[in-house]
Structures are given as structure tokens and as C-alpha cells.
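Each chain, letter by letter, is given below.
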Amino acid sequence: MKYKRVLLKLSGEALMGNKGFGIDNNRLMQYANEIKSVSEFGVEIAIVVGGGNIFRGVQASEGGMERTQGDYMGMLATMINSMALQAALESLGLQTRLQSAIEMKEIAEPFIRRKAVRHLERGRIVIFGAGTGNPFFTTDSAASLRAIEIEANVILKGTRVDGIYTADPEKDPEATKYSNISFDQVYNMGLSVMDLTAFTLCKENNLPIIVFDMNTSGNLLNLVQGAEVGTLVEA
Ligand code: GTP
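None of these values were measured; they are calculated from a predicted model.

### A closer look at the sheet that holds strand β7 (residues 180–182)
The strand order across the open sheet built from nine strands is β4-β3-β5-β2-β1-β6-β8-β9-β7, with neighbouring strands paired in mixed fashion. The open sheet has two edge strands with one neighbour each: β4 (109–110) and β7. Of the pairings in the sheet, the one linking strand β6 (residues 154–159) to strand β8 (residues 209–213) comprises five bridges and is parallel in character. Pairing of T159 across the sheet is with D213, part of β8.

Set out below in C-alpha cells:
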């Protein structure tokens, strides 16, 4: 196995599937099954989910809402997605623990790093909800931060494109995909992998990122088995 411990970042929008809002149950179960295959393979897996399918703080602030208020609402949206994912994983017989960065102890454990690590060691899938618990930080930043804290070997950023391209492949047919790229190249070329706060955290802590297509079945398992899937960003 190539990676012992991974942090999977899923976007909230991806959970919408073809719906315009909320959670598409088929997509949710599809993801749960992909995650199950990796967990059963013996890889320790922690997950951070976004909340954009339910609420986007940035957009709300463009509409006049105070940014901090919108961001906290977005954090609650990630909890809804996290609970849905937890339920989906448990329906497949997997052991999970949900930890929240904002205390809501009736529905989730508080985030406690040492407890999270123990859960992982015992084969439980750990979902980190409520982002970092702070406004002005994205869920990509939460994913980077948590991955570093739990000493994950890699961040797996599941998206709808199969990696990082020289240009936006949805706009430029000439765009080609990188299989490997360095942090410096990403930065110097201004390629968008994650927001800069999240990206810098990974770079400074030498945490590799793999951007891959989460909607292609088998990708996640192939990836942790060492196949070249998506684009690897490393030092
Ligand atoms: P071990 O100590 O390694 O056995 O872990 P454990 O998670 O099984 O032990 P614990 O007794 O801490 O947790 C039992 C169950 O209660 C698990 O499903 C936890 O997710 C849940 N749990 C623990 N702390 C909290 C909390 O503060 N709030 C909520 N809602 N659930 C909690």
C-alpha cells in the first residue's frame, strides 16, 4: 500500500450530483462505497467535506451579509454534509466518528487531535466537520490543517476534473494534464489547486496533494494502491 493514512477532501457541490441544491443520495452512496473500498484495503482515512451545496459564505457576503456570519453558516452546512456522509458510511457497516470544530456535543465529538488519531489507528473513518471553526478559512484550509495535524501521508482532493491542467480543460481543448508538478511550479504559474492559504500550509509542511476525479469509480482505491491517477503535487 502506498499510503498508510490519507485525508480525503470532498467538495460539497459534488454531493449535489445533478441536483441544483442539497444532497443527491445516489452520489452520496457512490462516494461511501468508494471510501469503503479504501478503508477495507487497510488505509486509514479521514475526511473533510465542503458545504457549498447548501450554503456559501462568500456569496452571501457579496449579497451584503457580514462575511463572518456567512462563514459560520457555511460551517454548519459542512456539518449537515458530514452527518449525511457518516450515516451513509455506517449504512455500509463501517465504523465512523464525526468530530466538529465548533462544539455541538449532542451530535458530534469535539475535535480532539489525539482522539482522532486513535480512532484512525483503530480503523475508524474520521470525519472532520465545521471546517477549521474559524471564518475566513475555507474547507480546503481545514483539510490541509487536519491532514498535517493527524500526520496524513497525502491530501486527496476529489474533484470533477481528473487532475491539474496547463489551462482550464473545460474552456481550452489544447490543455494538457500534469501527472506530477511541484509546489513552486503551481505557485509560479498561478494554477488553481486550492486557495493560497490551504496550498501554503501543504507546501510549508511538505504534505503532497493529489487532485483526482472522484466521480470515476475505482479511482480512489487505485490511487491508494499506487496507480498514477490525477496529478500529484509535491516538493
Ligand atoms: P475508544 O475510546 O477508542 O473506544 O473510542 P470511542 O469513540 O468508542 O469511545 P467513546 O466512549 O469516547 O465514544 C463512544 C461513542 O460516543 C462514539 O460513537 C463517539 O463518537 C461518541 N461520542 C464521544 N464523545 C462524544 C461527544 O462529545 N458528543 C457526541 N455527540 N458523541 C460523542
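### Structural notes on the packing of helix α2 (residues 25–41) against helix α4 (residues 67–91)
Their axes nearest at 9 Å, the elements α2 and α4 cross at an angle of 60 degrees. Comparing the axis directions of α2 and α4 gives the class oblique. The two elements α2 and α4 cross, and the hand of that crossing is right-handed. The residues of α4 that touch α2, namely those facing L28, M29, A32 and I35, are A84, L85, A88, L89 and S91. Of the residues belonging to the contact of α2 with α4, the class tally is eight nonpolar, one polar and no charged.

### Notes on the pairing of strand β5 (residues 125–129)
Summarising burial for β5: five of the five residues are buried, a large majority. In β5, alternate side chains face the same way, and those of I125, I127 and G129 on one face and V126 and F128 on the other are all buried. Inspection of the sheet shows strand β2 (residues 44–49) paired to β5 by three bridges, in the parallel sense. Looking at β5, one finds that V48 is bridged to F128.

### Some remarks on helix α6 (residues 139–149)
Burial analysis of α6 places eight of its eleven residues in the buried class, the great majority of the element. Taken together, the buried positions of α6 are occupied by T139, D140, S141, A142, A143, S144, R146 and A147. Contacts made by the buried residues of α6 are with β1 (5–10), β2, α4, β5, β6 and α8 (196–204). Directly after α6, the chain includes E151, whose backbone phi takes a positive value near 55 degrees.

### Things to note about the site of the ligand
Near the ligand you find R97, K105, E106, I107, A108, E109, P110, K115, R118, H119, R122 and R124, and these make up its full shell. Here an oxygen atom of the ligand sits 2.8 Å away from a polar atom, N or O, in the side chain of E109. Measuring from an oxygen atom of the ligand, one finds a side-chain N or O atom of R122 at 2.7 Å. Burial of the ligand by the protein amounts to 54% of the accessible area it has alone, namely 620 Å². Where the shell around the ligand is concerned, the elements lending two or more residues are β4 and α5 (113–121).

### Some details on unusual backbone geometry
One non-glycine residue, A130, lies in the positive phi region at around 70 degrees. Judged by relative accessible area, which is 0%, A130 ranks as buried. The backbone of F136 shows a phi angle near 75 degrees, a positive value even though the residue is not glycine. By the secondary structure assignment, F136 is in the loop between β5 and α6.

Basis of the calculations
- Residues numbered from 1 in each chain as written.
- Predicted model: local features only at pLDDT ≥ 70, side-chain atom pairs only at ≥ 80, totals over all residues.
- Heavy atoms only, no water.
- Pairing = 2+ DSSP bridges.
- Helix = DSSP H or I, 4+ residues; strand = E, 2+ residues; numbered from the N terminus.
- Axes fitted to C-alpha atoms, helices over the stretch in contact; angles between N-to-C directions.
- Parallel < 35°, antiparallel > 145°, perpendicular 65-115°, else oblique.
- Left-handed = near helix turned anticlockwise from the far one by under 90°.
- Contact = heavy atoms within 4.5 Å.
- Nonpolar A, V, L, I, M, F, W, Y, C, P; charged D, E, K, R; others polar.
- Buried < 20%, exposed > 50% of the residue type's maximum accessible area, 1.4 Å probe, protein only.
- Near = heavy atom within 4 Å.
- Polar contact = N/O pair within 3.5 Å; in protein donor to acceptor, adjacent residues only side chain to side chain.
- Areas by Shrake-Rupley, 256 points an atom, 1.4 Å probe, with all protein chains shown as cover.

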